[in-house]
There are 2 protein chains.
Amino acid sequence: MSRWEPNARGRLEQAAMELYGERGYEKTTVTEIAGRAGLTERTFFRHYADKREVLFGGSVALQGLLVDTLAEAPASASPIDAVAVALQATAAVFDERREQSRRRQEIIAANVELQERELVKLDSLAAALAGALRERGVPEPAASLAGEAGVAVFKVAFGRWIGGSGEPGMGACIQEVLDELKAVTAGGRT
Amino acid sequence: MSRWEPNARGRLEQAAMELYGERGYEKTTVTEIAGRAGLTERTFFRHYADKREVLFGGSVALQGLLVDTLAEAPASASPIDAVAVALQATAAVFDERREQSRRRQEIIAANVELQERELVKLDSLAAALAGALRERGVPEPAASLAGEAGVAVFKVAFGRWIGGSGEPGMGACIQEVLDELKAVTAGGRT
């Protein structure tokens, strides 16, 4: 086996998702994941710290995309508009990976430890958004609140998108939920 | 030792907080907590499932107070105003327990497992607020968004209150942060 494995990360993720779906997250071992992917355990641990992290590689990429997009939003954009631009930048990624997102969500919903990890990632995402807003000169507590609002919109929009038929897409769900948050905080009866 | 121990819960909490502060959460055992409180381990386990739960008894009480106050808010109150009334009802509890809240926060900040637990409790709080709003006839996604907004305001307000001098009190911090959230979501530059 060559030491450089083409797309090892993706193959390991694919194998892990299949096994978690077939026999459950708890009962799946790293040995089995590596075997299904046609790779060694050693290769697994070059890419992921443990079997939990396989489910959260996408969270790191998502946070990077959000922070980078936010940093590049027009200087004239208000904090909430900059956050909205960043959220919208993720919509295509989700629409392209809908089935995978749905299966991941089912695996996480079935395991308390994974749910805790997901909450930690979302909390870290809110902090990263707040940090990127402070870089743009947004003061506290506005930066933290816009970061928290962004994550709240993301959570609720994702739930609607994943629980629905896929139409409208993630972008429309984000816009709809953001408009609703604005109406709610403005004191509307909705 | 009598089987009914006056204020056993409070004594155990007090002893646990002292020990966590003195020697750290990880190094403290249930045996030590019970000993410091002048109680038995058996009594400890009648009140708390494990040493982690001693730090989160207040979270359960807080959630109950928020949900009950929200349920009793005037029927004419908008979702965000009902959430604001509920948050304000907790202010006196915090102001009375400032030193204890500060010590608890330090213990949690020093331990990743406790931070995860805190996030789980806050997520459960957002869900409870959303549930209480649905009981009042608020539709989705407004109920979930108002619940998430309430928790965001609480988190940021608590951070300002605990990081400050105690003046202004928690109630003023909640009001200030809520006003700021309204300005942020309305698209203000702040």
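The model shown is predicted, which means the values in this text are computed figures rather than measured ones.

## Re the confidence of the model for chain A
Caution applies to low-pLDDT regions: their predicted coordinates should not be interpreted in detail.
Residues and elements named next belong to chain A.
Thinking step 1. Per-residue confidence for chain A gives a mean pLDDT of 93, with 97% of residues at or over 70.
Thinking step 2. Here helix α7 (residues 98-109) stands out as the least confident element of chain A, with mean pLDDT 92; helix α5 (residues 79-89) is the most confident, with 97.
Thinking step 3. Interface predicted TM-score (ipTM) for the complex: 0.89; the corresponding pTM is 0.90.

## Concerning the packing of helix α9 (residues 142-163) of chain A against helix α9 (residues 142-163) of chain B
Two numbers describe a pair of packed helices, the interaxial angle and the distance between the axes.
Thinking step 1. At a closest axis distance of 10 Å, the pairing of α9 of chain A and α9 of chain B adopts a crossing angle of 150°. With respect to each other, α9 of chain A and α9 of chain B are oriented roughly antiparallel. Crossing handedness for the pair α9 of chain A and α9 of chain B: right-handed. Counting all contacts with α9 of chain A, which are made through S144, L145, E148, A152, K155 and V156 of chain A, the residues of α9 of chain B involved are S144, L145, E148, A152, K155 and V156 of chain B.

## Structural notes on the relation of the copies chain A and chain B
Two copies of one chain are present, and they are related through a rotation about an axis combined with an axial shift.
Thinking step 1. In the superposition of chain A on chain B (RMSD 0.0 Å, axial shift 0.0 Å), the rotation amounts to 180°. Read as a symmetry element, the transformation amounts to a two-fold axis.

## Looking at the packing of helix α4 (residues 57-72) of chain A against α5 of chain A
Residue and element names in this part refer to chain A.
Thinking step 1. Contact pair α4 / α5: the axes reach a minimum separation of 8 Å and the direction vectors enclose 135°. Here α4 is positioned oblique relative to α5, judged by the angle of their axes. Between α4 and α5 lies a crossing of right-handed hand. The segment α4 lies against α5, with L65, L66, T69 and L70 engaging A82, V83, V85, A86, L87 and A89.
Thinking step 2. When grouped by side-chain class, the residues that make up the contact of α4 with α5 number nine nonpolar, one polar and no charged.

## Describing the side chain of R117 of chain B
Thinking step 1. Note on placement: R117 of chain B falls in helix α8 (residues 112-135).
Thinking step 2. Excluding residues within four positions of it along the chain, R117 of chain B makes contact with E116 of chain A together with R52, E53 and F56 of chain B.

## Remarks on the side chain of E53 of chain A
Thinking step 1. Within the secondary structure, E53 of chain A sits in the loop between α3 (41-47) and α4.
Thinking step 2. Taking the relative accessible area as the measure of exposure, E53 of chain A reaches 17% and is therefore buried.

## A few points about the interface of chain A and chain B
Thinking step 1. The partner chain B presents 34 residues to the 34 residues of chain A that form the contact.
Thinking step 2. Between chain A and chain B lies a buried interface of about 3100 Å² when both sides are counted; carbon and sulfur atoms form 67% of it.
Thinking step 3. In this structure, the connection of chain A to chain B is made through four salt bridges.
Thinking step 4. A salt bridge links D123 of chain A to K155 of chain B, with the nearest nitrogen and oxygen atoms 2.8 Å apart.
Thinking step 5. Elements with a minimum of two residues in the side of chain A that touches chain B: α5, α8 (112-135), α9 and α10 (170-185) of chain A.

The rules behind the values
Residues numbered from 1 in each chain as written. Chains lettered and ligands numbered in written order. Predicted model: local features only at pLDDT ≥ 70, side-chain atom pairs only at ≥ 80, totals over all residues. Heavy atoms only, no water. pLDDT = per-residue confidence, 0-100. Helix = DSSP H or I, 4+ residues; strand = E, 2+ residues; numbered from the N terminus. Axes fitted to C-alpha atoms, helices over the stretch in contact; angles between N-to-C directions. Parallel < 35°, antiparallel > 145°, perpendicular 65-115°, else oblique. Left-handed = near helix turned anticlockwise from the far one by under 90°. Contact = heavy atoms within 4.5 Å. Least-squares fit on C-alpha atoms with pLDDT ≥ 70 in both. Nonpolar A, V, L, I, M, F, W, Y, C, P; charged D, E, K, R; others polar. Buried < 20%, exposed > 50% of the residue type's maximum accessible area, 1.4 Å probe, protein only. Buried area = accessible area lost by both parts, 1.4 Å probe. Salt bridge = Lys/Arg side-chain N within 4 Å of Asp/Glu carboxyl O.

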